[in-house]
Amino acid sequence: MPEMYEIYEKHADKYDELVRAEDYQNNLRNLLHETVNWRDLSVIEGGVGTGRVTRLYIEQVASSICCDRAQHMLDFAQVALSEHEEKLKFLRADNLNIPDLDGGFDLFIEGWSFGHSVSDCSTADEIKSVTDILVHNATKDLKPGGVVILLETLGTNLDFPGPPHEKLNIFYSELEQKHGFQMKKIRTDYQFQSNEEAARIMGFFFGEKMCQSVLKRNNAIIPEWTGMWTKTI
Ligand SMILES: C[S@@+](CC[C@H](N)C(=O)[O-])C[C@H]1O[C@@H](n2cnc3c(N)ncnc32)[C@H](O)[C@@H]1O
């Protein structure tokens, strides 16, 4: 099974198969629209992947600049979102180094990509400075009153929510305690055709251990917990 970064460089189609099965109850879509009136907003999205989060808001907004480090993911997203092409720009950019976009944006959103930069860190101090950079990059192009939304995992195929490892625990604590983000937890469960399909698709992305634990659950619905961190600047 390939490593996650290799998936983002070469296997956007298989990644998309996974995320299209997620949140079959539409809890994330509902929470995003309860939290923000998206009508006519100008948006920047970090780590856009295949456009799963973009699809949840693109019909309402005026425009979105979709960033990702992997050109392969950007190419896939551009095709997948082509019916909205007049509203979209695609930009190859690392979350740790988003170029200055001249301000004036209403909202920054990212889903499940800031956590990668945190997981790459070696020490708690490094996590804290990477968190400062990520939060700076999420806010620097927003106008006063702009909104930041960060979506990150609180556990896959687990019965209770929580940071899956200590690095994310530090990141989430920094967001809440140092940077003043508010957090909400939701279920964004996957629904597949069968338990075997769940094990195949989830195993491809998360690895053999996840494949085996999904098979043990013996269900086509697999729990996923998601945290949404928000802040108005
Ligand atoms: C788990 S996927 C999430 C994609 C999408 N947001 C979604 O919800 O399906 C992570 C994405 O973040 C991108 N990514 C990972 N690290 C990144 C970084 N440091 N800067 C920008 N993008 C990054 C990957 O290329 C990948 O497309």
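Keep in mind that this is a model prediction, so the values were computed, not measured.

The rules behind each value
Per-chain numbering applies: the sequence of each chain, read as written, is numbered from 1 onward. Under the rules for a predicted model, residues below a pLDDT of 70 receive no local features and side-chain atom pairs below 80 are neither given nor counted, while totals for whole chains, interfaces and linings still include all residues. Only heavy atoms go into the side-chain values, all of them from the structure, while hydrogens and water stay out. Helical segments are the DSSP runs of H or I of at least four residues, strand segments are the runs of E of at least two, and each set is numbered from the N terminus. Throughout, radius of gyration means the C-alpha value; the globule benchmark is 2.2 Å times the number of residues raised to the power 0.38. Burial here depends on accessible area, computed with a 1.4 Å probe over protein chains only, as a share of the maximum for the residue type. Under 20% is buried, over 50% is exposed, and the range in between is partly exposed. Note on contacts: a residue pair is in contact if any heavy atoms of the two residues lie within 4.5 Å. All accessible areas in this document rest on Shrake-Rupley with a 1.4 Å probe, and a residue is counted as covered only by the protein chains that are shown. Working convention for charge: Lys and Arg count positive, Asp and Glu count negative, and His plus the chain ends are omitted. Charged groups are reduced to one reference atom each: NZ for lysine, CZ for arginine, CG for aspartic acid, CD for glutamic acid. Paired strands, in this sense, are two strands between which DSSP finds at least two bridges. Comment: axis = line fitted to C-alpha atoms, over the contacting stretch for helices; angle = value between 0 and 180 degrees taken between N-to-C directions. Each nonpolar core is a collection of buried residues, namely Ala, Val, Leu, Ile, Met, Phe, Trp, Tyr and Cys, held together in the definition by side-chain atoms within 4.5 Å. We define proximity as follows: a residue is near a molecule or strand when any one of its heavy atoms falls within 4 Å of that partner. Counting of polar contacts relies on pairs of N or O atoms within 3.5 Å, with two restrictions inside protein: one atom must be capable of donating a hydrogen and the other of accepting it, and residues adjacent in sequence are counted only when both atoms are side-chain atoms. We call Asp, Glu, Lys and Arg charged. Ala, Val, Leu, Ile, Met, Phe, Trp, Tyr, Cys and Pro are nonpolar, and the rest, Gly among them, are polar.

### Describing the overall build of the protein
Across its full length, the protein carries 10 helices and nine strands. Taking 233 residues into account, the globule formula puts the C-alpha radius of gyration at 17 Å, and the protein, at 17 Å, falls close to it. Referenced to the eigenvectors of the C-alpha coordinate spread, the extents of the protein come out at roughly 50 × 45 × 35 Å. The buried share of the protein, taken over its 233 residues, is 54%. A separation of at least 24 residues holds for 75% of the contacts in the protein among residues at least 6 apart in sequence. Entry remark: accessible area of the protein is about 11,000 Å², with carbon and sulfur atoms responsible for 47%. Taking the average location of the 24 positive side-chain charges in the protein and that of its 37 negative ones, the two points are 2 Å from each other.

### Notes on the sheet that holds strand 1 (residues 42-46)
Within the open sheet, the seven strands sit side by side as 3-2-1-4-5-9-6. Their pairing is mixed. Two strands close off the open sheet at either side, each with one partner strand: strand 3 (88-92) and strand 6 (182-187). Each strand axis lies, on average, 20° off the axis of its neighbour in the sheet, ignoring direction. Two strands pair when backbone bridges link them, and strand 4 (residues 105-111) and strand 5 (residues 142-156) are joined in this way by six bridges, in the parallel orientation. What sits directly across from Phe 108, in strand 5, is Val 148.

### Comments concerning the pairing of strand 9 (residues 224-232)
Burial analysis of strand 9 places seven of its nine residues in the buried class, the great majority of the element. As paired strands, strand 5 and strand 9 are joined by eight bridges and run antiparallel to one another. Across the sheet, Val 147 pairs through a bridge with Thr 232, a residue of strand 9. Bridge count for strand 6 against strand 9 is six bridges, and the pairing is antiparallel. Directly across from Lys 185, in strand 9, lies its bridge partner Gly 227.

### Here we look at the nonpolar core
If you look at the biggest cluster of nonpolar residues, it comprises 28 residues, and the most contacted ones within it are Phe 108, Leu 150 and Phe 171. Counting 26 residues, the second-largest nonpolar core is a separate cluster that includes Leu 56, Ile 58, Leu 74 and Ile 109.

### Considerations on unusual backbone geometry
Apart from glycine, the bulk of residues carry a negative phi angle, and the bulk of peptide bonds sit in the trans form. In this structure, Trp 112 takes a positive phi of about 60° despite not being glycine. Turning to its location among the elements, Trp 112 is positioned in the loop between strand 4 and helix 6 (114-119). Of note, Asn 218 is a non-glycine position whose phi angle comes to about 55°, a positive value. Following the sequence through the fold, Asn 218 ends up in the loop between helix 10 (208-217) and strand 8 (221-222).

### Some remarks on the site of the ligand
With respect to spatial proximity, 20 residues lie near the ligand, and among them Tyr 15, Gly 47, Arg 52, Asp 68 and Asn 95 are the closest. Between the ligand and the protein, one listed contact pairs a nitrogen atom with a backbone N or O atom of Arg 69 at 3.2 Å. One of the backbone nitrogen or oxygen atoms of Asn 95 is found 2.8 Å away from a nitrogen atom of the ligand. For the ligand, whose free accessible area comes to 590 Å², the fraction covered by protein is 98%. At the level of elements, helix 2 (12-20) and helix 6 are the ones that each hand at least two residues to the shell around the ligand. Residues that form the shell around the ligand fall into these classes: nine nonpolar, seven polar and four charged.

None of this, on its own, says anything about what the molecule does.
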